[in-house]
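Structure at a glance
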Amino acid sequence: MHIAVMIKQVPDSTEVKINLETGTLIRAGVPSILNPYDHFALEAALELKKKHDFKVTVISMGPPQAKSVVQLALALGADEGVLLSDMAFAGSDTWATSYALAKGIKKIGKVDIIFSGMQAIDGDTAQTGPGVAQQLGIPQITFCEHVDVDGRRVLARKQIDGGHELQEARPPVLLTMIMGKDYAPKHPSFLAVSGSLKKPFHVWSAADIGAEPQYLGLKGSPTQVNKIYPPPQREKAAMFSGSGQESVEKILEIMKREHFTE
Amino acid sequence: MASMDTISRNLMLDSLKEYAKRRIPYDLLRELDEKNEFPAEILKEMYQHDVLGLHLLMVPAEYGGVSGGTFDIYRVCELLARIDLGIATGVFATFLGTDPLNVGGTEEQKEKWLRRIASENLLVAYGATEADAGSDLVNLRTRAEHVVKNGKIVGYNVTGNKQWISNGGVADLYTILALAPGGPSWFLVERNMEGFSPNKHEDKHGIRLSNTAGLSLDNVYVPAENLIGMEEGKGLLQAQAVFGYTRVMVAAFGLGAGEEALEQAIRYSQQRIQGGGPLSDKQGYTHKLLVPNYVRMEGARSYIEYTSQRLDSGEHGLQTEGAIAKYGASEWGNKAADDAIQALGGYGYTKDFPVEKIKRDIKICCIYEGTSEVLEMTIYRGRWQEHLKSRGRYYLDMADRLDQVHAEEPKAGAHAAALALRALGAVLEECRVQKLTRHQHVTFKLGKLICAAETAAIFSTAAAAKKYSETVRFDREGWQAMARVFAREAALNTALEGLALVQGAAETPGNLADAVNIEAVQAEQKGMIADMDLVAAKLKQTFKAK
């Protein structure tokens, strides 16, 4: 079988800083990493490769520097890497990104299983994986904790509220992966990094994958971001200790002072 | 060897960083430091090919390594020093021990030994130093006598004692410098050879995670094929050939450990409230303990990168440059770590905070691979020759180039750097005219002034460049302010100290005050406080409290 893993480069910070004047993210000084959900999805795919001798191709979309996450995936064991990089992709929302990734995957050739992280830690939309399944017209299983393959059966353990569900699919299928809280991403050895330079790596433009310009970038995106702003910080709560009677009296005093009561 | 691409290098650095985060927490370092214990398991694990394979950086790809260049090795050394300078020294000793082979080994020797070091993860030690032969290797006492069979030299009997050998007690393979009949030569000695025994592990002030021991060689029989290069008498040349490069590694140690200590102090200063506000907002604190130190470390970084890139582009030797890089980074790093303790006050003086250990550890950088004083002499000797050869134009020409830089980018401190270089040129010339270099003190002090003025020139040039190195963590405004602060300090020190030096040694007073352009140097100090304010703000922004 042939597995494709969709990966994304994200800023290494869950604490996103926003420039209040321009409404854009401040990325300067924040190092970039492989989105941890994608890292987990990649490791799940590589485990299947090890067990069943599958081929694994990774695909990412981003500026030229996003090559580093593709090379990281190659160093971790993926066989081939693809980076969709073109100014035409800039500003794409999840719909346009799904469209481009689906086109890229079609160009890769016959793919049986597509993995992606449940979401990226920068945008948190969790839309791109399902969007690609929709674009390709194939089934999807989202929020998977674990995946195995038995012959032509893809077996996924999916997380649901209060437990999990076992689902089965026939390829081609798209799976989005969630990860446990204590997940520690694997990192490659020096030799593996050095070896990754010898693996096939392709940079494809919009024209290379036959993507129509009107479906790409800002103008191809149905979602237009109006404004980004940090939610207002909550004011600090006042805490009282002592007996119930004393605390209630203190609270009443404040309510009176703030004109909540007469 | 040329360095690798930025992405590969950064992936390797990330892997090392993640490994250290997972496996080498501060509590463990503190415990090992207290017990004076070498973490053999950690070193072995870091050498495992599927974990990191750290030692492969030194081995060319054709022998199973990854062919790291000087820039790659500088970056890894810097990061290792940020983790622990003792562990860094253990790794460095393998690098250093491998060097005579890399430089002087025959093709067969490289094929055999480099491949073994790579594939068997051998810990290597470099055995040059003896009780009476440190930087001065001509006093070498360890002997290698011919063993002749049927009229043919089949091997050597090596006898002598080595001292202060990093990895001395734990290495698998040793490169030993000994005096053969044909002159000093390097020999490959394996741990299990008869007559070879390491002495006790030293109880040191710092880098206590690094094993340091003496070696006893009592008539150790070494086969002739273990003579590096298969030719006697090449040992000192082989040792010197790599000084430029090995000193860049120690420079990277000073840089990494020094910056790490400062970054911890910068983070601390934002949380510690004194007199109604955080320490990070108080000039009396930041402009004394943090800003000048960080600026000097970034100056050292730019000089290390300048030297690394020249070595990577195929230049050989660069002994003076290696000496400048190491002298600056280790002296300034040592001072930075000292001030980091001061910046943390009582906390900094306890072992609960890593700056205390960093301060003890970093001192070694001023001692090994050439003490600071030996380097002052080396720097002076190298540049004095240039000054004489160029008839006094060496620094004046360099200053002219800095004027060019200033014309294109006036914000990078290039004007102040040019003032420093011209003052230096004038001081050197006055020393020549008045024959002042007969005083050893003068020569060593000149070494110090040369280091600061040249670093200012390189820092300003780097800060004026359109594109910055991948290692710069500040925006253009911040890094240029740092270069200005550095260059002003260098100009002032060169002029004032140079003047004092000449006046202290000369019999007839010259008009050096005019020659060093003291008025211009003083006028150049305008804007210093505003720049230091800016640097303090950038440091706070870059190294936020956790």
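**Brief notes about the overall build of chain A**
Secondary structure summary: chain A contains 6 helices and 13 strands in total. Taking 18 Å as the expected radius of gyration for a compact globule of 262 residues, we find that chain A reaches 23 Å, considerably beyond that expectation. Overall, the C-alpha framework of chain A stretches about 75 × 40 × 40 Å when taken along its three principal axes. Looking at the 262 residues of chain A, the share that counts as buried comes to 37%. In chain A, 70% of the contacts between residues at least 6 apart in sequence involve partners at least 24 apart.

**Let's talk about the overall build of chain B**
The number of helices and strands found in chain B is 19 helices and 9 strands. In chain B, which comprises 546 residues, the share counted as buried stands at 56%.

**A look at the pairing of strand E8 (residues 113-117) of chain A**
All names here are of chain A. Counting buried residues in E8 gives 5 out of 5 residues, a clear majority hidden from the surface. As paired strands, strand E1 (residues 2-7) and E8 are joined by 4 bridges and run parallel to one another. Looking at E8, one finds that Ala4 is bridged to Ile114. As paired elements, E8 and strand E12 (residues 173-177) share 5 bridges and run parallel to each other. If you follow Phe115 over to E12, its bridge partner there is Leu175.

**Notes on the interface of chain A and chain B**
Note: interface size is frequently given as the accessible area lost on complex formation between the parts. The interface of chain A with chain B comprises 16 residues on the first partner and 21 residues on the second. For the side of chain A that touches chain B, the secondary structure elements donating two or more residues are helix H2 (67-76) and helix H5 (190-196) of chain A. By residue number, the principal contributor to the side of chain A that touches chain B is H2(A), which donates 5 residues. Its residues placed into classes, the side of chain A that touches chain B shows 9 nonpolar, 6 polar and 1 charged.

**A look at helix H19 (residues 528-542) of chain B**
All names here are of chain B. Taking 1.5 Å per residue, 15 residues should reach 21 Å; H19 reaches 21 Å between its end C-alpha atoms and fits that length. Inspection of H19 places Met532, Val535, Ala536, Lys538 and Leu539 among the buried residues, and these make up the whole buried set. For H19, the arc enclosing every buried residue in end-on projection is 165 degrees, short of the 170-degree limit, so these residues lie on one face. Contacts from the buried residues of H19 go to helix H8 (243-271), helix H9 (283-312) and helix H16 (476-505).

**Considerations on the domain arrangement of chain B**
Splitting chain B by domain gives domain 1 (6-122), domain 2 (125-232), domain 3 (242-366) and domain 4 (372-542). On a C-alpha basis, the centroid separation for the pair domain 2 of chain B and domain 4 of chain B is 42 Å.

**Remarks on the sheet that holds strand E9 (residues 140-150) of chain A**
Residue and element names in this part refer to chain A. The sheet built from 9 strands is open, its strands ordered E11-E10-E9-E12-E8-E1-E6-E7-E13 with mixed pairing. Looking along the sheet, the strands with just one partner apiece sit at the ends: strand E11 (163-169) and strand E13 (201-204). Ignoring which end each strand starts from, the neighbouring axes of this sheet average 30 degrees apart. Bridging between E1 and strand E6 (residues 55-61) involves 6 bridges; their strand directions are parallel. The partner of Val5 across the bridge, within E6, is Val58. Lying over the sheet, H2 contacts E1, E6, strand E7 (80-84) and E13, oriented at roughly 165 degrees with respect to E7.

**Concerning unusual backbone geometry**
Residue and element names in this part refer to chain A. The linkage connecting Pro171 with the following residue, Pro172, adopts the cis geometry, with an omega of 0 degrees. Tracing the backbone through its elements, the reader meets Pro172 in the loop between E11 and E12. Not every positive phi belongs to a glycine, and Asp124 is a case in point at roughly 60 degrees. In this fold, Asp124 is placed in the loop between E8 and helix H4 (128-136). According to the C-beta neighbour criterion, Asp124 is exposed, with 11 such atoms within 10 Å.

**Notes on the packing of helix H12 (residues 372-389) of chain B against helix H15 (residues 440-464) of chain B**
Residues and elements named next belong to chain B. The contact between H12 and H15 brings their axes to 7 Å, and the two run at 80 degrees. As the angle between them shows, H12 and H15 are arranged roughly perpendicular. The segment H12 lies against H15, with Glu373, Leu375, Glu376, Met377, Ile379, Tyr380 and Arg383 engaging Thr443, Phe444, Leu446, Gly447, Lys448, Ile450 and Cys451. Partitioned by chemical class, the residues of the contact of H12 with H15 number 8 nonpolar, 2 polar and 4 charged.

**As for the confidence of the model for chain B**
The predicted coordinates of low-pLDDT regions are not to be read in fine detail. Residues with a pLDDT of 70 or more make up 100% of chain B, whose mean pLDDT is 96. For this predicted complex, the interface score ipTM comes out at 0.92, alongside a pTM of 0.93.

**A short note on the environment of B:Pro509**
All names here are of chain B. Residue position: Pro509 is located in the loop between H16 and helix H17 (512-515). Assessed through the 10 C-beta atoms surrounding it within 10 Å, Pro509 is described here as exposed. Separated by 470 residues in the primary sequence, Pro509 and Pro39 place their C-alpha atoms 59 Å from one another.

**A look at the nonpolar core**
Judged by nonpolar contacts, the single largest core of 241 residues is most densely connected at A:Val5, B:Phe187 and B:Ala420. Ranked by the residues each element gives to this core, the list is headed by H8(B), at 15 residues. When residues no more than four places from it in sequence are discounted, the contact partners of B:Ala420 are B:Ala453, B:Ala456, B:Ala487, B:Ala490, B:Ala491 and B:Thr494.

**Observations regarding helix H11 (residues 354-362) of chain B**
All names here are of chain B. With 8 of 9 residues buried, H11 lies mostly within the body of the structure. Among the residues of H11, those classed as buried are Pro354, Val355, Glu356, Lys357, Ile358, Lys359, Asp361 and Ile362. Contacts from the buried residues of H11 go to helix H2 (26-35), helix H5 (85-104), H8 and helix H10 (319-348).

**Thoughts on the pairing of E11(A)**
Residues and elements named next belong to chain A. The element E11 is barely covered by neighbouring structure, given that only 0 of its 7 residues are classed as buried. Sheet topology places strand E10 (residues 153-160) next to E11; 7 bridges connect them, and they run antiparallel. Looking at E11, one finds that Lys158 is bridged to Glu165. From the end of E10 to the start of E11, which pair antiparallel, there are 2 residues, and Gly162 there has a positive phi angle of about 75 degrees.

The rules behind the values
Residues numbered from 1 in each chain as written. Chains lettered and ligands numbered in written order. Predicted model: local features only at pLDDT ≥ 70, side-chain atom pairs only at ≥ 80, totals over all residues. Helix = DSSP H or I, 4+ residues; strand = E, 2+ residues; numbered from the N terminus. Rg over C-alpha atoms; globule rule 2.2 N^0.38 Å. Buried ≥ 20, exposed ≤ 12 C-beta atoms within 10 Å, placed from the backbone. Contact = placed C-beta atoms within 7 Å. Pairing = 2+ DSSP bridges. Nonpolar A, V, L, I, M, F, W, Y, C, P; charged D, E, K, R; others polar. Expected span 1.5 Å × (residues − 1). Arc of directions from axis to C-beta. Domains from an automatic or database assignment. Axes fitted to C-alpha atoms, helices over the stretch in contact; angles between N-to-C directions. Parallel < 35°, antiparallel > 145°, perpendicular 65-115°, else oblique. pLDDT = per-residue confidence, 0-100. Core = buried A, V, L, I, M, F, W, Y, C linked by C-beta atoms within 7 Å.

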